[in-house]
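Working through the structure, step by step
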Amino acid sequence: MPASTGLDAEILIVGGGHTGLFLACALARAGFEPLVVDPGAPERALPPFDGRNLALLRSTEEAARRLDLWAHLRQVVCPVDTVEVDERPGGARVVYRASEIDGRPFAFGVEHAALRNALLDAFRARLGTGRWIRGELADFVREDGAIRARLSDGRELRVRLLVGCDGRESRVRALAGIGVRRWSYPQAALAFVVGHERSHRHTIREWLRPGGPLALLPLPGRLTGVTWVEPEERARELAGLSEASLLSRLSLESEGVLGALRLESGVGVWPLSAHHAERYVAPRIALVGDAAHGVHPIHAQGFNMAVADAVALAEVLARARRLGRDPGTPDVLLAYDRGRRSANARRIWMTDTLARIFSSELPLLQPLRSGILMLLAGLPPLRRLAATHGMTLR
C-alpha cells in the first residue's frame, strides 16, 4: 500500500497455519498483498511428523486448481479412487467407486505437516517472506476507516480488515466479542502414519464401530494415515503401548488389509469436540476455518470447510475491490457471513448426527446403522448422490 494511505496493509491475517496460508494465497491471486502474523517462523516442518493426516475433498482440489496452487499440492497428495465403509458389529458394507461417477478421484490423502509445507512454499512463491510477521496479536482498536492491531511486543499494524485464522481458541474471536457454542464428545482420536507390506490401492477404508470410527487414508507411496477414534481413556491406553503392540491391535481392528505394518510417525492423541461461532464477522473482523467452526473427524470435513470459507471470503473481497469498496465495511463482510455460516451449520449438523449414530453403543441404534449402509449399498443412484455430496462443499 502507498505510504500516504497510512496503512501497513489492507488485510492482516492472524494465523499462519493451513487456513491462513491458503487464504493468503487466495487473496494474492485476487490482487491483494495481505500480511500474515504468526508466532512461528515461516519454515518448513521436518520429519518425524506428528502423525496427523487429512483428506482433501474434490471441492478443495478444484479450488486449489483455480487458484494455481495445485502444482504445489499435487506433489504431496495421494488420489483416492475407492471408499470402503464397514459397520460393526452388524456387518453392513458399502463401497463407493469413482468409476461409478466420473472416474475422477473422490479425494486426496495428505500428511498434515506435508500439506503445510506445500502451502508455505506456495505462500513464499506468491508473496515472499516479507509479508510474514513473527509475533502474536495482543489486542486491537477500531479507528476511522481502519483497525489498529497491537502485537505482544508493542508493534502496531494499521489495516482495513483483520482476519482470524488462529484456530479453535481464536484470539481474534475473543477480542471481537464473538460468542461460540461448544460441545464435546467422550472420545479421542489417535493419529499416526504407517508403512505397510500391501498396496493401499488408493482406497479409504473405514470401520464404523460403537467406540468410534477407524479410518485408513492412503498417502503417497506405501504409506497410510490412521485416524482411530476410541473413548478417551481407551485411546490414551492404546497410545501408551509399545510399537509392536499398537500395530498388532491395529492389524486386528483393520482385518490385516495392509499386511505387515511399521510405524512411520509419532502417535498423537486428540480429544474430540466441536464448536460454532455465533457469527463470522464483526466490524472490520472476519473469522475463517477453525476460528469459526470445528467438527468431529468422522466425515473429513474440517479443513475442507476452511478452504470453502477462504475461497468465499476472497471472492467477496475481490468483488468489493473491483467496485472500489472498503473491504472492512459491514455490508461487504455480511455477504461472507450469509454465504458461509448457514452452509457450515448444515455440515456441522450432518457430521454431528453421523458421529452420534455411528459411535453410539446403544443397541437400539445398531439396526439403524446397518440399515443406512444397506440402503446405500443397494441403491446406486442414492450411493452416487451421497458420494457427490460428501466430496463437494459449496
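Please refer to the structure higher up on the page.
Residues numbered from 1 in each chain as written. Predicted model: local features only at pLDDT ≥ 70, side-chain atom pairs only at ≥ 80, totals over all residues. Heavy atoms only, no water.

Description of the packing of aromatic side chains
In total, this model carries three aromatic pairs according to the counting rule given. Both rings, one in W70 and one in F108, keep their centres 4.9 Å apart while their planes meet at 70 degrees; by these two values the pair is edge-to-face. Here W70 is found in helix α3 (residues 70–73), whereas its partner F108 is found in strand β7 (residues 107–111), with 38 residues between them in sequence. Assessed through its relative accessible area of 6%, F108 is described here as buried. Residue placement shows R181 over the ring face of W183; its charged tip is 4.4 Å from the ring centre. Over the face of the ring belonging to F32 we find R321, whose NZ or CZ atom lies 4.6 Å from the ring centre. (Phe/Tyr/Trp six-rings, centres within 6.5 Å; stacked < 30°, edge-to-face > 60°. Helix = DSSP H or I, 4+ residues; strand = E, 2+ residues; numbered from the N terminus. Buried < 20%, exposed > 50% of the residue type's maximum accessible area, 1.4 Å probe, protein only. Lys NZ or Arg CZ within 6 Å of the ring centre and 35° of its normal.)

Focus on the sheet that holds strand β4 (residues 78–80)
Strand order in the open sheet formed by three strands is β3-β7-β4, with antiparallel pairing between adjacent strands. Both outer strands of the open sheet, β3 (53–57) and β4, are each paired with one neighbouring strand and no more. Pairs of neighbouring strands in the sheet enclose a mean axial angle of 35 degrees, with direction left out of account. Pairing of β4 with β7 involves three bridges; the strand directions are antiparallel. (Pairing = 2+ DSSP bridges. Axes fitted to C-alpha atoms, helices over the stretch in contact; angles between N-to-C directions.)

Regarding empty space enclosed by the protein
Any space left empty among the atoms is revealed by the rolling of a water-sized probe across them. Under the definition given, this model contains one cavity of 30 Å³ or more. By volume, the largest cavity amounts to about 30 Å³. Taken together, V194, L216, V226, L250, S254, V257, L258 and L261 make up the full set of residues lining the largest cavity. (1 Å grid on protein atoms, 1.4 Å probe; cavity = no way out; pocket = protein on both sides within 12 Å on 5 of 7 lines; lining within 4 Å. Points joined across faces, edges and corners; volume = space filled by probe spheres on them.)

Concerning the side chain of E61
The topology assignment puts E61 in helix α2 (residues 58–66). Aside from chain neighbours lying at most four places away, what touches E61 is W70, R104 and F108. (Contact = heavy atoms within 4.5 Å.)

Here we look at the packing of helix α1 (residues 18–29) against helix α8 (residues 302–322)
Viewed as axis vectors pointing N to C, α1 and α8 meet at an angle of 30 degrees, and their least axial separation amounts to 9 Å. Classified by the interaxial angle, the pair formed by α1 and α8 is roughly parallel. For the pair α1 and α8, the sense of crossing is right-handed. Every residue of α8 that contacts α1 at H18, T19, F22, L23, A26 and L27 is listed here: F303, A306, V307, A310, V311, L313, A314 and L317. Looking at the contact of α1 with α8 residue by residue, the classes come out as 12 nonpolar, two polar and no charged. (Parallel < 35°, antiparallel > 145°, perpendicular 65-115°, else oblique. Left-handed = near helix turned anticlockwise from the far one by under 90°. Nonpolar A, V, L, I, M, F, W, Y, C, P; charged D, E, K, R; others polar.)

Things to note about the pairing of strand β15 (residues 223–231)
The element β15 is extensively covered by neighbouring structure, given that seven of its nine residues are classed as buried. Where strand β12 (residues 180–196) meets β15, nine bridges bridge the pair, whose relative direction is antiparallel. Looking across to β15, one finds that A188 is bridged to E230. Bridge analysis of strand β14 (residues 214–219) against β15 gives six bridges, and the strand direction is antiparallel. Paired with L214 across the bridge in β15 is W228. In sequence, β14 turns back onto β15 through a hairpin of three residues, with G221 there showing a positive phi of about 75 degrees.

Details of the pairing of β3
Burial analysis of β3 places five of its five residues in the buried class, which makes it a mostly covered element. Burial of β3 is two-sided: the residues N53, A55 and L57 facing one way and the residues L54 and L56 facing the other way are all buried. Sheet analysis places β3 next to β7, joined by five bridges and oriented antiparallel. Bridge pairing links N53 to E111 in β7.

Brief notes about the pattern of salt bridges
When their charged atoms lie close together, side chains carrying opposite charge are able to pair. Under the definition given, this model contains 26 salt bridges. Between R65 and E61 there is a salt bridge whose closest N-O contact spans 2.8 Å. Here R65 and its partner E61 are both found in helix α2, four residues apart, which amounts to about one turn of the helix. Residue R104 is joined to E61 by a salt bridge in which the shortest nitrogen-to-oxygen separation is 3.7 Å. One end of the pair, R104, is in the loop between β6 (93–97) and β7; the other, E61, is in helix α2, with 43 residues separating them in the sequence. Through salt bridges with shared partners, a single network forms among E84, D86, R93, R201 and R205. (Salt bridge = Lys/Arg side-chain N within 4 Å of Asp/Glu carboxyl O.)

Comments concerning the nonpolar core
Side chains of a nonpolar character, in soluble globular proteins, are inclined to be buried together. Residues I13, F22, L23, F123, L162, V163 and F303 are the most contacted members of the largest nonpolar core, which totals 74 residues. Excluding its chain neighbours within four sequence positions, the residues that come into contact with F123 are L21, A24, C25, V36, G128, R131 and W132. Grouped together as the second largest cluster of nonpolar side chains are 26 residues, V94, F106, A189 and L217 included. (Core = buried A, V, L, I, M, F, W, Y, C linked by side-chain atoms within 4.5 Å.)

Comments concerning the environment of G294
With respect to the element layout, G294 can be found in strand β20 (residues 293–294). The spatial distance from the C-alpha of G294 to the C-alpha of L272 is 9.6 Å, given a sequence separation of 22 residues. Setting aside anything within four residues of it in sequence, one finds G294 in contact with R168, A274 and H275.

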